[in-house]
Amino acid sequence: MLEIKDISKKFPDFELNGISFRVAKGDYFILLGESGAGKSMILETIAGLVRPDSGEIWLDGKEISHTKIQERKIGLVFQDHAVFPHLTVMENIAFALHAQGLSREEKRLRVKEIARLLGISGLLHRSPTSLSGGELQRVALGRTLIQKPRVLLLDEPLASLDIQLKRDLRRLLRSIHQEGQTIIHVTHDYEEALALGTNIAVIHKGQVIQTGTPEAVFTHPKSEFVAHFVGVKNFFSVHLEIRDQITFAITNNNIPIRIVSESINEDAFILIRGEDILVSNTPVETSATNNFPGKIVEIVPGVQGVNLTVNIGIEMHALITRESVEKLNLKAGGKCWIHFKATAVKMIAK
Amino acid sequence: MKRLPTIQLIFILLGGLVLLFIVAPLLGMALKTTPHQIFETAGEEEVRQSIWLTIVTSFSGTVFFSVAAIPLAYLLARKNFPLKKLVSGIIDLPVVIPHSAAGIALLGFVSRDSALGQMGSLVGLNFVGHPAGISIAMAFVSIPYLINAARDGFAGVPERLEKAALTLGASPLRVFFTITLPLAWRNIVSGLIMMFARGMSEFGAVIVVAYHPMITPVLIYERFGAFGLKYARPVSVLFIAISLVLFITLRWLAKEKEEK
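A word on the overall build of chain B. The helix and strand tally for chain B stands at 12 helices and 0 strands. Seen in sequence order, chain B has helices and strands lined up from the N terminus as α-α-α-α-α-α-α-α-α-α-α-α. Counting only C-alpha atoms, chain B reaches 75 × 65 × 35 Å along its principal axes. Put simply, 75% of the contacts in chain B that link residues at least 6 apart link residues at least 24 apart. About 14900 Å² of surface is accessible on chain B, with carbon and sulfur atoms providing 72% of the total. Taken as two groups, the 22 positive and 14 negative side-chain charges of chain B have centres that lie 10 Å from each other.

Here we come to the pairing of strand β14 (residues 267-272) of chain A. Residue and element names in this part refer to chain A. Summarising burial for β14: 5 of the 6 residues are buried, a large majority. Bridge count for strand β11 (residues 234-243) against β14 is 6 bridges, and the pairing is antiparallel. In the strand pairing of β14, H239 is matched with D267.

Let us now look at a nonpolar patch on the surface. All names here are of chain B. A cluster of nonpolar residues, V18, F21, I22, V23, L26, L27, L31, I240, L244 and I248, forms a patch on the protein surface that exposes about 1000 Å² of accessible area. Secondary structure elements with two or more residues in the nonpolar patch: α1 (6-31) and α12 (229-259). Sorting elements by how many residues they give to the nonpolar patch places α1 first, with 7 residues. The class for F21 is exposed, based on a relative accessible area of 66%.

All names here are of chain A. Within the open sheet, the 5 strands sit side by side as β15-β19-β16-β17-β18. Their pairing is antiparallel. Sheet topology places β15 (278-280) and β18 (315-320) at the edges, where each strand pairs with a single neighbour. Averaged over all neighbouring strand pairs, the angle between strand axes comes to 45°, with direction disregarded. Bridge analysis of strand β16 (residues 290-301) against strand β17 (residues 306-311) gives 6 bridges, and the strand direction is antiparallel. Across the sheet, residue I296 finds its bridge partner in β17, namely V310.

Interfaces are often sized by the accessible area lost when the parts come together. Counting from both sides, the interface comprises 20 residues of chain A and, opposite them, 17 residues of chain B. Between chain A and chain B, roughly 1800 Å² of surface is buried when both sides are summed, and carbon and sulfur atoms account for 66% of that area. For chain A, the biggest contributors to the area lost against chain B are Q70(A), H86(A) and F95(A); these three give 34% of the whole. If you look at where chain A meets chain B, you find 3 salt bridges. Residues R160(B) and D80(A) are paired through a salt bridge, measuring 3.3 Å at the closest nitrogen-oxygen approach. Our count for the contact surface shared by chain A and chain B stands at 4 residue pairs in polar contact (both at pLDDT 80 or more). If you list the elements that add at least two residues to the side of chain A that touches chain B, you get α1 (39-47), β6 (74-77) and α4 (133-145) of chain A.

With that settled, consider the environment of L158(A). Residues and elements named next belong to chain A. Position of L158 among the secondary structure elements: in the loop between β7 (151-155) and α5 (163-178). Given the relative accessible area of 0%, L158 is considered buried. Sequence-wise, L158 and L308 are 150 residues apart; in three dimensions their C-alpha atoms are separated by 35 Å.

All names here are of chain A. Each domain of chain A was delimited in the assignment, giving domain 1 (2-230) and domain 2 (235-349). Each partner contributes to the interface: domain 1 provides 9 residues, whereas domain 2 provides 7 residues. Each partner contributes to the roughly 690 Å² buried at the junction of domain 1 and domain 2, and carbon and sulfur atoms together form 72% of this total. When the area that domain 1 buries against domain 2 is broken down by residue, the three leading residues are E191, L194 and E215, summing to 58%. Joining domain 1 to domain 2, the criterion identifies 0 salt bridges. One can count 0 residue pairs in polar contact (both at pLDDT 80 or more) joining domain 1 with domain 2. Counting only elements with at least two residues in the side of domain 1 that touches domain 2, the list comes to α6 (190-196) and α7 (214-219). Of the residues contributing to the side of domain 1 that touches domain 2, the split by class is 5 nonpolar, 1 polar and 3 charged.

The next thing to look at is the pairing of strand β8 (residues 183-187) of chain A. Residue and element names in this part refer to chain A. When you tally the buried positions in β8, you get 5 out of 5 residues, the bulk of the element. Alternating residues of β8 divide into I183, H185 and T187 and I184 and V186, and every residue in both groups is buried. Pairing of strand β3 (residues 28-33) with β8 involves 5 bridges; the strand directions are parallel. Residue pairing across strands places L32 opposite T187, the latter belonging to β8. Judged from the 4 bridges that link them, β7 and β8 form a sheet pairing that is parallel. In the strand pairing of β8, L154 is matched with H185.

Axes are the key here: two packed helices are described by the angle between their axes and the distance separating the axes. Residues and elements named next belong to chain A. Look at α4 against α5: their axes get within 11 Å of each other, and the N-to-C directions meet at 10°. With respect to α5, the axis of α4 lies roughly parallel. For the pair α4 and α5, the crossing hand works out as right-handed. Facing G134, Q137, R138, L141 and L145 of α4, the residues of α5 in contact are L165, D168, L169, L172, L173 and I176. Split into classes, the residues belonging to the contact of α4 with α5 amount to 7 nonpolar, 2 polar and 2 charged.

This brings us to the packing of aromatic side chains. According to the stated counting rule, one finds 14 aromatic pairs over all chains in the structure shown. Aromatic pair F176(B) and F177(B): ring centres 5.2 Å apart, planes at 85°, arrangement edge-to-face. A relative accessible area of 17% places F176(B) in the buried class. Where F227(B) meets Y231(B), the ring centres are 5.8 Å apart and the plane angle is 55°; that geometry is what we call tilted. Taken together, the ring pairs in this structure connect Y74(B), F154(B), F176(B) and F177(B) into an aromatic cluster. For the cation-ring pair, R143(A) lies above F84(A), with the distance from its terminal atom to the ring centre recorded as 4.5 Å. If you follow R174(B) out to its NZ or CZ, it ends over the ring of F95(A), 4.0 Å from the centre.

Definitions and cut-offs
- Residues numbered from 1 in each chain as written.
- Chains lettered and ligands numbered in written order.
- Predicted model: local features only at pLDDT ≥ 70, side-chain atom pairs only at ≥ 80, totals over all residues.
- Heavy atoms only, no water.
- Helix = DSSP H or I, 4+ residues; strand = E, 2+ residues; numbered from the N terminus.
- Contact = heavy atoms within 4.5 Å.
- Areas by Shrake-Rupley, 256 points an atom, 1.4 Å probe, with all protein chains shown as cover.
- Lys, Arg positive; Asp, Glu negative; His and termini not counted.
- Charge placed at Lys NZ, Arg CZ, Asp CG, Glu CD.
- Buried < 20%, exposed > 50% of the residue type's maximum accessible area, 1.4 Å probe, protein only.
- Pairing = 2+ DSSP bridges.
- Patch = residues over 30% accessible without salt bridge, like charges linked within 9 Å, V, L, I, M, F, W, Y side chains within 5 Å.
- Salt bridge = Lys/Arg side-chain N within 4 Å of Asp/Glu carboxyl O.
- Axes fitted to C-alpha atoms, helices over the stretch in contact; angles between N-to-C directions.
- Buried area = accessible area lost by both parts, 1.4 Å probe.
- Polar contact = N/O pair within 3.5 Å; in protein donor to acceptor, adjacent residues only side chain to side chain.
- Domains from an automatic or database assignment.
- Nonpolar A, V, L, I, M, F, W, Y, C, P; charged D, E, K, R; others polar.
- Parallel < 35°, antiparallel > 145°, perpendicular 65-115°, else oblique.
- Left-handed = near helix turned anticlockwise from the far one by under 90°.
- Phe/Tyr/Trp six-rings, centres within 6.5 Å; stacked < 30°, edge-to-face > 60°.
- Lys NZ or Arg CZ within 6 Å of the ring centre and 35° of its normal.

Below, the structure is given as structure tokens:
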């Protein structure tokens, strides 16, 4: 549906270099990368605000890199919202309807419908200058969605929102996506990428480093940068279940991991940091509720310590000191126990 | 009571002297003029006509030239082009050259044998000694105030808002009229008022282009030359009072509109 082919653009102190990726219709595509990686520039190039030096942008079988911005029908929600301060919320949302030749009443109905979807019906007559960050974000989203964009581009939409607002907006974005809206979402936050994305492209220094499903990118990082950036080796897709009144995250190959969560019967991702995993030779009594025997697959010295890979039915990665390896006499092929607390398991709802 | 630092006291004293320097001559002139003299002057047909002419010529010059000055200010704020600094310098020229010299230059520009003068003659208009010539002279010396204020206003409008409007399907023309212009409006209005005010107070350029019909600054000069200080004072006080009322009202109206 949307295909970016070999886009390059030189700026005085930065360049996009041979950016290529495909976004299928109905996809929730995440551009994941650090600040300054060039993610926003890619969005602005797709929207037409930045003209590439070379490369092509194909949308629904048509090359659009020379099409006027206002004719692309690509919606862009800016990170700083860019809500028009001199117009009311209603006028902001209705702005895109001007060119559609609708009657006053039709416009009013369309605005009300969008406002209801976004939960901002009570704000329609307010001035944007009196709104909070979360409210502005919704107005910006409504203003863009009302034109029924072929692709919705979101630039760090959840940045600078508090946890509750983030959760609400994530839910809203998910429901907009479920309605069939194709979305490209820029973020530096891997949790956001996991929670929302159906596909991810990792961007680094103006280049696409890796693309794929969240599972593929997180479990098989193709480069050290991706591995470091996504940062978590113990990353599993799970289903949440209650067994004997205790919440377990059940991995694909049926390993039950105790977690702290109120959600049940949901699919989710879990993350466990390597430094949160304890290693012993025998089962020991600690406050950790996750205790598994396993076989040591490999021991790899690293900068921050030794990476120990233990197969407990799934491969778990523990980060321990060299002294601990020597003290416990750990060897590849040998056996050990691993322990981690239920509170050390981070859950991200899908 | 908290004692102010010495440096602050010195600054307040110096600032007070500057204020006194501005207010004292005006106040002195006003105090030396009786209300009776002012009413008597206001009743004179010649005075009333000149004040009206001054307001109308300055206002029409401001409106007419703003049509081209505002787009120029937008270009200066938004676009980079060769010799942009030179263009900015040219815009400030009328402020720095002597206004009588500006009048001489303009006289050559609008006289009958000039291209503009000949074009005027075709429709029976002779700019020299005509309100249209006065408007041109006023606009020449006051247009930098509008262009500079409008340029600052446009520069203050975040480009992201214009870009956002484009992504919402608006044409560049609609973006200019619905986003850029309204957001820069406060500065533009301020520039229009300044241009209008500066135009009304112009003497040097106007007297060269059109001694008659007489605008109020020229009338004041004539009364001073022919009859002395005493006769020039009432019309000066009256003109200043009317100017003040006019500008305070304009600023107040602009503020009201802004708040709505």
